[in-house]
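# Results of the structural survey
Listed here are the chains, written in short residue letters.
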Amino acid sequence: MRFRQGDVFDLGAISFSEEEIVDFASKYDPLDFHINKEAALKSIFKGFVASGPHPFHFYYINKWIPLFGSTVMAGLGINDWKFMKPVYPNQYFLCIVTIDEVEEFPEKKSAAVNWKFEFKNKEGELFQNLNMKVLHRIKT
């Protein structure tokens, strides 16, 4: 597989139910406003909100790995992960991934690829983004 700077991948739109939010948060981020309805209603969010990592985790496992996982040699880092807006139950959002930078190492048949993940609500507003750098096998 060849990785080209500027390539864009639309990973589709989804939403999380209250049950999905509670299930994920119970395992990975058990804060009251993610798992307790009464506490969530009293929080600054006025209801359940998804854990910050939940959108990325969903798309990484269900969309990104099936497309690119077979070429992964190693993860090199996640940078600039920002949470700008909350995700509420049944709120549709989408994930766009762009190859931001590629550094090829032909002698090692590999490339360091910087993936830019952008999560937007249906109005097109950015609510979360991050950069993930991964070392991939490439064909030379």
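Quick note: structure is the one above.
Report follows, based on the coordinates. Quantities reported herein were computed from a predicted structural model and do not represent experimental measurements.

Pairing in this open sheet of five strands is antiparallel, and the strands run 1-3-4-5-2 from one edge to the other. The open sheet has two edge strands, strand 1 (8-14) and strand 2 (72-83), and neither has a second partner. Taken over all neighbouring pairs, the strand axes of this sheet differ in orientation by 20° on average, direction set aside. Two strands pair when backbone bridges link them, and strand 3 (residues 93-105) and strand 4 (residues 110-121) are joined in this way by 12 bridges, in the antiparallel orientation. Residue pairing across strands places glutamate 104 opposite alanine 111, the latter belonging to strand 4. Against the sheet, helix 4 (residues 54-68) touches strand 1, strand 2, strand 3, strand 4 and strand 5 (126-137), its axis set at about 35° to strand 5.

Unlike most non-glycine residues, lysine 46 shows phi in positive territory, near 60°. With respect to the helices, strands and loops of the structure, lysine 46 is situated in the loop between helix 3 (37-42) and helix 4. Of note in the backbone geometry, lysine 109 takes a positive phi value of approximately 50° without being a glycine. With respect to the secondary-structure elements, lysine 109 resides in the loop between strand 3 and strand 4. Judged by relative accessible area, lysine 109 falls into the partly exposed class, the value being 48%.

Definitions and cut-offs
Residues numbered from 1 in each chain as written. Predicted model: local features only at pLDDT ≥ 70, side-chain atom pairs only at ≥ 80, totals over all residues. Heavy atoms only, no water. Pairing = 2+ DSSP bridges. Helix = DSSP H or I, 4+ residues; strand = E, 2+ residues; numbered from the N terminus. Axes fitted to C-alpha atoms, helices over the stretch in contact; angles between N-to-C directions. Contact = heavy atoms within 4.5 Å. Buried < 20%, exposed > 50% of the residue type's maximum accessible area, 1.4 Å probe, protein only.

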